[in-house]
Structure formats: C-alpha cells, structure tokens
Amino acid sequence: MSTLTVVDHPLVQHKLTLMRRTDTPTAEFRRLLREIALLLGYEVTRDLATELIDIVTPVGPARVPTLSGKKLCIVSVLRAGNGILEGMLDLIPSARVGHIGLYRDPTTLEAIEYYFKVPEDISERDVIVVDPMLATGNSAVAAVHRIKAREAKSIKYVCLVAAPEGVAAFQADHPDVPIFTAALDQKLNDHGYIVPGLGDAGDRLFGTK
Ligand code: URA
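Below is a short write-up of the structure. Note that the structure is predicted; figures quoted are calculated from it, not measured. (Residues numbered from 1 in each chain as written. Predicted model: local features only at pLDDT ≥ 70, side-chain atom pairs only at ≥ 80, totals over all residues. Heavy atoms only, no water.)

Digging into the site of the ligand
- In the vicinity of the ligand, the residues found are Arg104, Met133, Ala135, Gly192, Tyr193, Ile194, Gly199, Asp200 and Ala201.
- Backbone polar atom of Ile194 to an oxygen atom of the ligand: 2.8 Å apart, as the coordinates give it.
- One nitrogen or oxygen atom from the main chain of Ala201 is found 2.7 Å from an oxygen atom belonging to the ligand.
- Computed on the free molecule, the ligand has an accessible area of 240 Å², of which 90% lies beneath the protein chains in the complex.
- When each cavity is represented as a set of grid points, the ligand is found to reside in the largest pocket.
- Here the residues of the shell around the ligand sort into five nonpolar, two polar and two charged. (Near = heavy atom within 4 Å. Polar contact = N/O pair within 3.5 Å; in protein donor to acceptor, adjacent residues only side chain to side chain. Areas by Shrake-Rupley, 256 points an atom, 1.4 Å probe, with all protein chains shown as cover. 1 Å grid on protein atoms, 1.4 Å probe; cavity = no way out; pocket = protein on both sides within 12 Å on 5 of 7 lines; lining within 4 Å. Sits in = over half its atoms within 2 Å of the grid points. Nonpolar A, V, L, I, M, F, W, Y, C, P; charged D, E, K, R; others polar.)

Considerations on the nonpolar core
- With 36 residues, the main nonpolar core has Leu16, Met19, Met88, Val158, Leu160 and Leu198 as its most contacted residues.
- With seven residues, helix H2 (residues 26-44) is the single largest residue contributor to this core.
- Discounting residues that sit within four places of it in the chain, Leu16 has contacts with Ile36, Leu160, Val161, Ala182, Ala183 and Leu198.
- Formed by 26 residues, the second largest nonpolar core is a distinct cluster that contains Ile122, Tyr157, Cys159 and Phe170. (Core = buried A, V, L, I, M, F, W, Y, C linked by side-chain atoms within 4.5 Å. Buried < 20%, exposed > 50% of the residue type's maximum accessible area, 1.4 Å probe, protein only. Helix = DSSP H or I, 4+ residues; strand = E, 2+ residues; numbered from the N terminus. Contact = heavy atoms within 4.5 Å.)

Let's talk about the pairing of strand E4 (residues 72-78)
- Of all seven residues that make up E4, seven are buried, and the element is covered over most of its length.
- Of the two faces of E4, the one lined by Leu72, Ile74, Ser76 and Leu78 and the one lined by Cys73, Val75 and Val77 are each fully buried.
- One ladder, built from five bridges, connects E4 with strand E7 (residues 126-130); its direction is parallel. Note on E7: the bridge partner recorded for Leu72 is Asp126.
- The sheet contact formed by E4 and strand E5 (residues 96-104) spans six bridges and is parallel. Considered in E5, the bridge of Val77 is made with Ile100. (Pairing = 2+ DSSP bridges.)

Thoughts on the packing of helix H1 (residues 10-20) against H2
- The geometry of H1 relative to H2 is characterised by a closest axis approach of 10 Å and an angle of 155 degrees between their N-to-C directions. In terms of orientation, H1 lies roughly antiparallel with respect to H2. For the element pair H1 and H2, the recorded crossing hand is left-handed. Of the residues in H2, those touching H1 at Leu11, Val12, Lys15, Leu16, Leu18 and Met19 are Phe29, Leu32, Leu33, Glu35, Ile36 and Leu39. (Axes fitted to C-alpha atoms, helices over the stretch in contact; angles between N-to-C directions. Parallel < 35°, antiparallel > 145°, perpendicular 65-115°, else oblique. Left-handed = near helix turned anticlockwise from the far one by under 90°.)

Some details on the pattern of salt bridges
- With the rule as written, the count across this model stands at 17 salt bridges.
- Between Glu113 and Arg146 there is a salt bridge, with the nearest N and O atoms lying 2.7 Å from each other. Of this pair, Glu113 sits in strand E6 (residues 111-117) while Arg146 sits in helix H4 (residues 138-149); the two residues are 33 residues apart in sequence, bridging distant segments of the chain.
- Linked through salt bridges whose partners overlap, the residues forming this network are Lys15, Glu28, Arg31 and Glu35. (Salt bridge = Lys/Arg side-chain N within 4 Å of Asp/Glu carboxyl O.)

So, a nonpolar patch on the surface
- A cluster of nonpolar side chains, Tyr103, Ile112, Tyr114 and Tyr115, forms an exposed patch at the surface whose accessible area comes to about 400 Å².
- Ranked by residues supplied to the nonpolar patch, first place goes to E6 with three residues.
- If you trace the backbone, Tyr103 turns up in strand E5.
- A residue is classified by how much of its surface remains accessible, and Tyr103, at 43% relative accessible area, is partly exposed. (Patch = residues over 30% accessible without salt bridge, like charges linked within 9 Å, V, L, I, M, F, W, Y side chains within 5 Å.)

Notes on the side chain of Lys15
- Checked against the element boundaries, Lys15 lands in helix H1.
- Using a relative accessible area of 16% as the deciding quantity, one classes Lys15 as buried.
- Those residues in contact with Lys15 that sit more than four places away from it in its chain are Leu32, Glu35, Ile36 and Leu39.

So this is what it looks like as structure tokens:
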C-alpha cells in the first residue's frame with residue numbers, strides 16, 4: 001500500500017499554483033502557505049480519535065463527539081517548516097511544537113543537523129513533521145530518524161511539494177510513515193531543486209533572496 005497521499009482539493013491546487021509563480025510576493029507566498037497548511041492539516045488529522053461526551057446546549061442535553069485526549073506535537077524542520085507550522089497551529093492551537101534545524105550541504109546535499117528541541121514527553125505524542133519541499137529526501141529521512149529515536153507514538157510527514165526521488169528515498173527508510181503532500185512534481189534538477197517546484201521555499205517565505 002502506498003504511504004503517499006496527494007491532497008488534490010481544488011483550493012489547495014489553486015493556492016499552490018499561485019505560490020509557484022515567480023512574481024508572487026513574499027507576503028502573499030507566506031499567507032498562501034499558511035492557508036494550504038491548514039487545509040493539509042485537515043487531511044492529516046482526519047483519523048484523530050473522538051469520544052462521546054454529555055453537554056447541554058441552549059435547547060437541551062446532547063451526547064456529542066469530542067477529541068479523545070490525543071496529544072499532538074508538530075515538528076518543524078527549520079527554517080521553511082515554520083511556514084507550514086503556522087497554518088497547522090491555526091487548526092490545532094493546543095499542539096506542542098518541536099524544531100529540528102537541518103541544512104543541506106550545498107555539494108553533497110546531505111542533511112546536517114544544527115538544532116534539535118522537542119517536547120520532553122514526545123514519546124506520549126503523535127507527531128506531524130512538517131517541511132514544504134520533499135526534494136532529495138535527506139532532511140526528511142534524517143528528521144524522522146531523530147523523532148523515532150525519541151519513540152514518538154506515531155509519525156506523519158507533511159510537505160507542500162514532493163519529488164519522486166524524495167518520496168522513494170523516504171519510503172525506503174520509513175515505509176511506516178505516511179506522507180501528505182499537495183503535489184508530486186516531475187523530478188529534481190542537478191542542484192537538488194524540485195522541477196517545476198517553486199524555487200527555494202525558505203527564501204521565498206522569508207524574502208531572503
Ligand atoms: N528546497 C527548496 O526550498 N526547494 C526545492 O526545490 C528543493 C529543496
């Protein structure tokens with residue numbers, strides 16, 4: 001069974017098209033990523049468990065569903081992951097947050113860790129790892145290994161755009177971790193960028209280039 005889910009909702013696809021355009025300004029790019037993240041969050045949390053509780057509405061008593069105490073943690077892969085994190089927190093404001101700092105060595109494209117901070121009780125939590133671009137897969141694979149080492153209850157991976165190469169690398173190392181993405185693009189170029197992609201997500205999100 002494939003662990004890849006492409007969220008092909010028309011709103012997600014339309015907003016992603018706007019993000020891909022070279023002439024989309026930073027503020028607009030950031031807002032769109034936040035909106036798409038919320039919509040991806042809706043899909044990735046679809047299987048959260050609920051239980052029935054008794055409440056009173058203005059019209060009378062009712063037995064109605066509520067989330068059954070699932071403890072969530074969103075782990076953002078710095079720095080572009082923070083763009084998805086914002087939208088996820090709009091949807092799940094009480095989630096705890098972790099950060100993993102990874103950068104790509106420009107020559108080898110290997111993931112080098114420079115920061116790691118997650119909630120102490122992460123072993124009691126279901127974790128959603130977020131990073132917009134699943135390119136070579138090196139960062140995603142490394143990030144999920146770090147979370148697995150802390151024995152999280154479950155892990156899901158959410159990105160915006162995935163390359164087939166990245167998906168294959170990720171699934172080879174983590175066949176047990178579902179991937180949610182808004183698009184599966186054509187390929188990687190020689191510099192490890194996704195084609196057609198949207199360029200450098202971090203630079204576009206923070207206006208650093
Ligand atoms: N990281 C990005 O920001 N963009 C890509 O296309 C690949 C990796």
